[in-house]
Amino acid sequence: MENLIFCLNATVPIFLTMMAGLFFRKIGLFNESFITKMNQFVFKVALPVLLFQDISGADFYEVWNGRFVLYCFVVTLTSILLVTILSCFLKDHSLRGEFIQGSYRSSAAILGIAFMQNIYGDAGMAPLMIIGSVPLYNMMAVIVLSVFGAEKKKIDAVLIKKTCKGILTNPIIIGIVIGLIWSVLRIPQPAIMERTVKNIAVLATPLGLIALGGGFEIKKAANKISIAVVCSAIKLIVLPALFLPIAIWIGFVQSELIAILTMLGSATTVSSYVMAKNMGHEGTLSAAIVMMTTALSAFSLTGWLYLLKTLALI
């Protein structure tokens with residue numbers, strides 16, 4: 001019972017905050033434009049500042065774990081290859097790009113940090129997990145949506161340049177890099193700067209979760225339901241079941257495992273729908289996957305946390 005209460009304390013507040021966003025949208029307090037702006041603020045300002053705060057205030061030489069970053073990168077790449085192979089069995093090949101992206105691309109930044117803060121009080125290993133996975137998420141999303149879909153786009157120098165620019169200008173990556181430089185050089189922070197950074201950083205998690213819930217549209221989840229169920233099962237159950245045991249065997253524990261769990265088994269990111277639409281895909285499947293994984297991850301993540309806690313790994 002104690003382990004179950006621990007897991008519920010870690011997961012329920014996160015999803016209640018998301019449901020609060022949905023409630024505010026339903027009663028008209030939020031509209032689509034406001035939610036879009038809130039998402040932009042979290043992505044471009046609050047989340048990068050939060051990551052900068054956690055990384056810059058830590059001792060780089062103590063927290064850096066190259067083996068962990070490499071594991072996140074290899075597992076992410078392997079996951080993408082596996083779901084690409086599985087996509088070959090789809091009858092409608094125009095859905096392959098959305099299927100692949102929806103099955104591997106997590107809300108690793110917002111949900112990963114939210115779980116870390118709920119359990120450990122800070123971002124923990126989430127920034128290192130983001131370094132190992134998020135750039136690859138973005139790069140591969142462009143590639144799979146270009147190669148697989150109704151409107152195939154040739155992978156040429158222009159597309160490669162655009163992808164690299166997108167990664168290098170990603171606000172989350174910028175926040176992490178600046179934080180790493182600050183930590184490596186051990187640059188002191190004046191009290192005024194430290195408090196200002198803290199005031200902005202504290203907004204990232206609640207606003208991100210509220211915006212995620214506010215963007216939830218139940219009707220869209222009804223379309224492409226069968227394929228969305230398969231993607232959700234892969235995202236929330238299959239990938240964690242494949243790679244968490246390997247992580248445990250390697251020796252990862254505590255916040256390392258929580259970061260890996262959220263990388264593998266958290267809901268598909270909302271930006272996957274936006275990217276699919278902008279790259280010539282219908283977007284209905286992506287929307288259904290986002291909705292379904294967001295709803296079901298409340299139960300699956302609680303189950304995974306309970307298992308790890310029972311095994312005394314977290």
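Description of the structure in this document. Quick caveat: nothing in here was measured; it's all calculated off a predicted structure.

## Considerations on the overall build of the protein chain
Right, so step 1: Counting its secondary structure elements, the protein chain contains 15 helices and zero strands.
Right, so step 2: Within the protein chain, buried positions represent 51% of all 314 residues.
Right, so step 3: Put simply, 85% of the contacts in the protein chain that link residues at least 6 apart link residues at least 24 apart.

## Topic: a nonpolar patch on the surface
Right, so step 1: Taken together, Tyr61, Val177, Ile181, Val184, Leu185 and Ile187 make up a surface patch of nonpolar side chains, about 540 Å² in accessible area.
Right, so step 2: The leading source of residues in the nonpolar patch is helix 9 (residues 171-185), at four residues.
Right, so step 3: Of note, Leu185 is situated in helix 9.
Right, so step 4: Judged by its relative accessible area of 56%, Leu185 is exposed.

## Quick notes on the packing of helix 7 (residues 126-147) against helix 13 (residues 255-265)
Right, so step 1: Running from N to C, helix 7 and helix 13 cross one another at 25°; their axes reach a closest spacing of 9 Å. By the angle between their directions, the pair helix 7 and helix 13 is classed as roughly parallel. Crossing of helix 7 against helix 13: the hand is right-handed. On helix 13, the residues that touch Ala126, Met129, Ser133 and Tyr137 of helix 7 are Ala259, Thr262 and Met263.

## Observations regarding the packing of helix 5 (residues 96-104) against helix 12 (residues 225-250)
Right, so step 1: Viewed as axis vectors pointing N to C, helix 5 and helix 12 meet at an angle of 30°, and their least axial separation amounts to 8 Å. Relative to helix 12, the element helix 5 lies roughly parallel. The handedness of the crossing between helix 5 and helix 12 comes out as right-handed. Where helix 5 approaches helix 12, its residues Phe99, Gly102, Ser103 and Tyr104 are matched on the opposing element by Ile227, Val230, Cys231, Ile234, Lys235 and Leu239.
Right, so step 2: Residues of the contact of helix 5 with helix 12, tallied by class, amount to seven nonpolar, two polar and one charged.

## Description of the side chain of Ser79
Right, so step 1: Inspection of the secondary structure puts Ser79 in helix 4 (residues 66-86).
Right, so step 2: At 2.8 Å, the side chain of Ser79 and the backbone oxygen of Val75 are in polar contact.
Right, so step 3: Here Ser79 is in contact with Leu239, Phe243 and Leu264, once residues within four sequence places are set aside.

## Comments concerning helix 9
Right, so step 1: With 15 residues, helix 9 should cover 21 Å at 1.5 Å per step; its first-to-last C-alpha distance of 21 Å lies within 8% of that length.
Right, so step 2: All of the buried residues along helix 9 are Pro171, Ile172, Ile173, Gly175, Ile176, Gly179, Leu180, Trp182 and Ser183.
Right, so step 3: Positive phi appears at Arg186, one or two residues downstream of helix 9, with a value of about 55°.

## Re helix 15 (residues 284-310)
One turn of an α-helix holds 3.6 residues; hence residues three or four places apart share an orientation.
Right, so step 1: With 27 residues, helix 15 extends 38 Å between its outermost C-alpha atoms, agreeing within 8% with the 39 Å of an ideal straight helix rising 1.5 Å per residue.
Right, so step 2: The largest bend along helix 15 measures about 45° and falls at Ser297.
Right, so step 3: Burial analysis of helix 15 places 19 of its 27 residues in the buried class, which makes it a mostly covered element.
Right, so step 4: Once helix 15 finishes, Ala312 follows within two positions and takes phi at roughly 60°, a positive value.

## Quick word on the side chain of Arg96
Right, so step 1: As for its position among the elements, Arg96 is in helix 5.
Right, so step 2: Here Arg96 falls in the buried class, since its relative accessible area comes to 11%.
Right, so step 3: At 3.0 Å, the side chain of Arg96 forms a polar contact with the side chain of Ser87.
Right, so step 4: With residues up to four places along the chain from it excluded, the contact list for Arg96 reads Thr84, Ser87, Cys88, Leu90 and Phe148.

## Quick notes on the packing of aromatic side chains
Right, so step 1: Counted according to the given criterion, the structure contains seven aromatic pairs.
Right, so step 2: Put simply, the rings of Phe23, Phe24, Phe30 and Phe34 pair up and form one aromatic cluster.

## Topic: the environment of Val63
Right, so step 1: Mapped onto the elements of the fold, Val63 is located in helix 3 (residues 60-63).
Right, so step 2: A C-alpha to C-alpha distance of 8.9 Å links Val63 and Leu128, two positions 65 residues apart in sequence.

## Here's the deal with the environment of Ile178
Right, so step 1: You can see Ile178 is positioned in helix 9.
Right, so step 2: Between the C-alpha atom of Ile178 and that of Pro48, which follows or precedes it by 130 residues, the distance is 9.5 Å.

## Considering the environment of Ile210
Right, so step 1: Of note, Ile210 is situated in helix 11 (residues 204-214).
Right, so step 2: Using a relative accessible area of 16% as the deciding quantity, one classes Ile210 as buried.
Right, so step 3: For the pair Ile210 and Phe24, spaced 186 residues apart in the sequence, the C-alpha separation amounts to 8.8 Å.
Right, so step 4: Contacts of Ile210, omitting those with residues within four sequence positions, involve Thr17, Gly21, Phe30 and Met38.

Conventions and cut-offs
Residues numbered from 1 in each chain as written. Predicted model: local features only at pLDDT ≥ 70, side-chain atom pairs only at ≥ 80, totals over all residues. Heavy atoms only, no water. Helix = DSSP H or I, 4+ residues; strand = E, 2+ residues; numbered from the N terminus. Buried < 20%, exposed > 50% of the residue type's maximum accessible area, 1.4 Å probe, protein only. Contact = heavy atoms within 4.5 Å. Patch = residues over 30% accessible without salt bridge, like charges linked within 9 Å, V, L, I, M, F, W, Y side chains within 5 Å. Areas by Shrake-Rupley, 256 points an atom, 1.4 Å probe, with all protein chains shown as cover. Salt bridge = Lys/Arg side-chain N within 4 Å of Asp/Glu carboxyl O. Axes fitted to C-alpha atoms, helices over the stretch in contact; angles between N-to-C directions. Parallel < 35°, antiparallel > 145°, perpendicular 65-115°, else oblique. Left-handed = near helix turned anticlockwise from the far one by under 90°. Nonpolar A, V, L, I, M, F, W, Y, C, P; charged D, E, K, R; others polar. Polar contact = N/O pair within 3.5 Å; in protein donor to acceptor, adjacent residues only side chain to side chain. Expected span 1.5 Å × (residues − 1). Bend = angle between axes of the 7 residues up to and from the residue. Phe/Tyr/Trp six-rings, centres within 6.5 Å; stacked < 30°, edge-to-face > 60°.

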